[in-house]
Amino acid sequence: PPLPCPFASQRITLVPNPATFSLGGVVFGTTSADPLFDINSDYTDRFLVKPHPDRLPRLAQHLLEQRSYYPLFPPSKSTPLDARAYEHVEMPVTPDVLLLQSKLAAFVADIDGCLVVSGGTLSKSNAAGTFARIEISPMTTAMIKPEPAEDAAAGAAAAASAGVALHRVPERARVSVVRL
């Protein structure tokens, strides 16, 4: 159960860490741990002369594929994670937006329909850092009611997925990484 908070109101909601929550019909997932940094330290391609250009999104893809906010076991010594409570780092669903903070460079990526936003850190030692500003536009009528399928195969596929509304957040979002 959530702890009582003297300043909580209808406009403020406290969530655990990590958390999966819905806001305006969009599912968000977030953690204050730095799984990208810890996965990167175990990655072997970081020693290559010319590393893969999509390295950071590939690191984030591990979280989504393994449905875990921290897909490493055991956790690094710098990560305050109790191994006895490891079930709490599981993602109950794939979020529409995955919010991460990391010591690594800030990035934004569409990974299999999930908008992954790593805004970096607000401060780096004595220097200013970065943060991400996200704006998500409402769905248009065309997104909610797609045009009817023209062929039978497409119609059958559409019927099979009837009742499933994709949020299509990467198509509707505008993300700015702002340097302080």
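For the structure, see preceding data.
In this report, we go over the structure that sits alongside the text.

Points about the packing of aromatic side chains
Phase 1 of the analysis: Applying the stated criterion across every chain, the model contains 1 aromatic pair.
Phase 2 of the analysis: Over the ring of Phe-37 we find Lys-103; its NZ or CZ atom is 4.6 Å from the centre of that ring.

Points about the packing of helix α1 (residues 35-42) against helix α2 (residues 55-66)
Phase 1 of the analysis: The N-to-C vectors of α1 and α2 enclose an angle of 110°; their axes lie 10 Å apart at closest approach. Here α1 lies roughly perpendicular to α2, going by the angle between them. On α2, the residues that touch Pro-35, Leu-36, Ile-39 and Asn-40 of α1 are Arg-55, Leu-59, Ala-60, His-62 and Leu-63.
Phase 2 of the analysis: Class assignment for the residues of the contact of α1 with α2 results in 6 nonpolar, 2 polar and 1 charged.

Here we look at unusual backbone geometry
Phase 1 of the analysis: Pro-18 follows Asn-17 through a cis peptide bond whose omega is 0°.
Phase 2 of the analysis: Mapping Pro-18 onto the fold places it in the segment before β1 (19-23).
Phase 3 of the analysis: Within the chain, Arg-67 stands out as a residue other than glycine whose phi angle is a positive 50°.
Phase 4 of the analysis: You can see Arg-67 is positioned in the loop between α2 and β3 (97-100).

Here we look at the side chain of Asn-40
Phase 1 of the analysis: Note on placement: Asn-40 falls in helix α1.
Phase 2 of the analysis: Look at Asn-40 and you get buried, because its relative accessible area is 11%.
Phase 3 of the analysis: Within polar-contact distance, the side chain of Asn-40 engages the side chain of Arg-55 at 2.7 Å.

What about the pattern of salt bridges?
Two side chains of opposite charge can pair, provided their charged atoms sit close to one another.
Phase 1 of the analysis: Counted according to the given criterion, the structure contains 2 salt bridges.
Phase 2 of the analysis: For Glu-135, the salt bridge is made with Arg-174, and the minimal N-O distance between the two is 3.5 Å. Of this pair, Glu-135 sits in strand β8 (residues 130-136) while Arg-174 sits in strand β9 (residues 173-179), and the two are 39 residues apart along the sequence.
Phase 3 of the analysis: Exposure remark for Arg-174: the relative accessible area of 51% places this residue in the exposed category.
Phase 4 of the analysis: The salt bridge partner of Glu-171 is Arg-168, with a shortest N-O separation of 3.1 Å.

Scoring rules and cut-offs
- Residues numbered from 1 in each chain as written.
- Predicted model: local features only at pLDDT ≥ 70, side-chain atom pairs only at ≥ 80, totals over all residues.
- Heavy atoms only, no water.
- Phe/Tyr/Trp six-rings, centres within 6.5 Å; stacked < 30°, edge-to-face > 60°.
- Lys NZ or Arg CZ within 6 Å of the ring centre and 35° of its normal.
- Axes fitted to C-alpha atoms, helices over the stretch in contact; angles between N-to-C directions.
- Helix = DSSP H or I, 4+ residues; strand = E, 2+ residues; numbered from the N terminus.
- Parallel < 35°, antiparallel > 145°, perpendicular 65-115°, else oblique.
- Contact = heavy atoms within 4.5 Å.
- Nonpolar A, V, L, I, M, F, W, Y, C, P; charged D, E, K, R; others polar.
- Buried < 20%, exposed > 50% of the residue type's maximum accessible area, 1.4 Å probe, protein only.
- Polar contact = N/O pair within 3.5 Å; in protein donor to acceptor, adjacent residues only side chain to side chain.
- Salt bridge = Lys/Arg side-chain N within 4 Å of Asp/Glu carboxyl O.

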